[in-house]
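# Coordinate analysis (summary)
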Amino acid sequence: MFEPTNIIVTGGCGFIGSNFVHYVVREHPGVHVTVLDKLTYAGNPENIAGLPEDRAELVVGDVCDRELLDRIVPGHDAIVHYAAESHNDNSIADPEPFLRTNVEGTYALLEAARKHGVRYHHISTDEVYGDLALDDPARFTEETPYRPSSPYSSTKASSDLLVRAWHRTFGVRATISNCSNNYGPYQHVEKFIPRQITNLIGGVRPKLYGDGLNVRDWIHTDDHSSAVWAVLTRGRAGETYLIGADGEKNNITVLREILKAFGRDEDDFDWVRDRPGHDRRYAIDSAKLRRELGWEPAHTDFAEGLAETIRWYRENEAWWRPAKAATEARYAAQGQ
Ligand SMILES: NC(=O)c1ccc[n+]([C@@H]2O[C@H](COP(=O)([O-])OP(=O)(O)OC[C@H]3O[C@@H](n4cnc5c(N)ncnc54)[C@H](O)[C@@H]3O)[C@@H](O)[C@H]2O)c1
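First, a word on what this report is: a plain description of the structure on this page.

So, on to the side chain of Thr-240. Among the secondary structure elements, Thr-240 is positioned in strand β11 (residues 240–243). Those residues in contact with Thr-240, other than ones at most four positions away along the chain, are Tyr-129, Glu-142, Arg-164, Ile-176, Asn-178 and Lys-288.

The following block contains the structure:
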């Protein structure tokens, strides 16, 4: 078992990264976290404000900055790499930042891990596997061939391949986890669930892409954090673990659950133009993670997790309000 005491979390001011930082500070008292974050439009230092100074520290910088990495990586025992350009729609509008951060950034971190002998864990997505047909009984496993559809998922797939090569060729102690769609607090209002919730709080009708039948496999972000901790500390170097909580639901069902939580009619939304190349269905088989590492999700009631998330957005309007108008203007320009 690997027992880290001083870890770097890249992208720790974003949605999932900041939830992981909160998780580590709460659950693993002997561990110090250095957050490395460029604070793009998706990063907000408020996400980790208020954590004890001796437990979490923020370094503002770019994961592509190799001189910076040479300064901060020594003295740490692990890098957990969350930082990414993460929004499919943005990758269609402008793929360039995705290539830079997702591919070049991963390369820079792998080189730093190799040079300084540090354990490396790579956060990836189920989207590298492409999509499944709605009526296909199969789910993704660690053996599923890569078949990414979008500029976002293709850059994530590329970064996964770099990690595998750096382990095999240079012996970097690396693991990869590919997780399904996360929900929970601190998620940017551009993403599906927060967009619907904040529209409803603001008195605006929610918007649904395409025919609403696209299926995503939802997991609470705290369950993603506990799974990443299990892989970081007990996973075998060179291995990939899929993370999922058996939460398959189509978009229209999720939207109707949100409408129900707001006491609104189930058809109280507008249809909008679909995303080009929109993946149909994602589904994760997380048997390996459960069998090998004994991991289980704690949030198995989606309606309850959703209600908690809605409460968080209601109570934290000052957190999301500044990004809302610009995000909706961007969607409007795309006809969405
Ligand atoms: N959101 C999901 O449902 C989901 C599911 C599976 C995997 N993932 C993966 O989890 C990770 C985090 O996703 P998220 O939804 O929290 O993303 P996010 O967009 O909310 O956060 C990304 C964070 O990375 C930072 N960042 C971006 N470019 C950077 C750079 N060059 N240098 C340093 N920091 C930089 C941003 O400032 C931000 O804080 C990503 O790797 C993503 O691919 C996300």
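Right, picking up where we left off after that structure.
Counted according to the given criterion, the structure contains 29 salt bridges. Taking the shortest distance from any N to any O, the salt bridge between Arg-281 and Glu-248 comes out at 2.8 Å. Of this pair, Arg-281 sits in the loop between β13 (270–272) and α9 (287–293) while Glu-248 sits in strand β12 (residues 248–250), placing them 33 residues apart in sequence. Relative accessible area serves as the criterion here: at 5%, Arg-281 is assigned to the buried category. Between Glu-296 and Arg-290 there is a salt bridge, and its shortest N-O distance comes to 3.2 Å. Three or more residues are tied together by salt bridges with common partners; here these are Arg-205, Lys-207, Arg-264, Asp-268 and Asp-270.

Leave glycine aside and you will find that most residues have negative phi; peptide bonds, for their part, are mostly trans. Look at Leu-39: it is not a glycine, yet its phi comes out positive at around 55 degrees. Turning to its location among the elements, Leu-39 is positioned in the loop between β2 (32–37) and β3 (56–60). For Tyr-186, which is not glycine, the phi torsion reads 70 degrees and is therefore positive. Within the secondary structure, Tyr-186 sits in the loop between β7 (182–183) and α6 (192–201). For Tyr-186, a relative accessible area of 17% corresponds to the buried category.

Before going further, it helps to examine the site of the ligand. Residues in contact with the ligand amount to 29 residues; listed here are only the nearest, Ile-16, Asp-37, Ser-86, Tyr-152 and Lys-156. The separation between a nitrogen atom of the ligand and a polar main-chain atom of Lys-38 is 3.0 Å. A distance of 3.0 Å separates an oxygen atom of the ligand from a polar atom in the backbone of Thr-40. Computed on the free molecule, the ligand has an accessible area of 840 Å², of which 96% lies beneath the protein chains in the complex. Listed by contribution, the elements that provide at least two residues to the shell around the ligand are α1 (15–27), β5 (119–125) and α5 (151–170). With 3 residues, the top contributor of residues to the shell around the ligand is β5. When grouped by side-chain class, the residues that make up the shell around the ligand number 12 nonpolar, 12 polar and 5 charged.

The rules behind each value
- Residues numbered from 1 in each chain as written.
- Predicted model: local features only at pLDDT ≥ 70, side-chain atom pairs only at ≥ 80, totals over all residues.
- Heavy atoms only, no water.
- Helix = DSSP H or I, 4+ residues; strand = E, 2+ residues; numbered from the N terminus.
- Contact = heavy atoms within 4.5 Å.
- Salt bridge = Lys/Arg side-chain N within 4 Å of Asp/Glu carboxyl O.
- Buried < 20%, exposed > 50% of the residue type's maximum accessible area, 1.4 Å probe, protein only.
- Near = heavy atom within 4 Å.
- Polar contact = N/O pair within 3.5 Å; in protein donor to acceptor, adjacent residues only side chain to side chain.
- Areas by Shrake-Rupley, 256 points an atom, 1.4 Å probe, with all protein chains shown as cover.
- Nonpolar A, V, L, I, M, F, W, Y, C, P; charged D, E, K, R; others polar.

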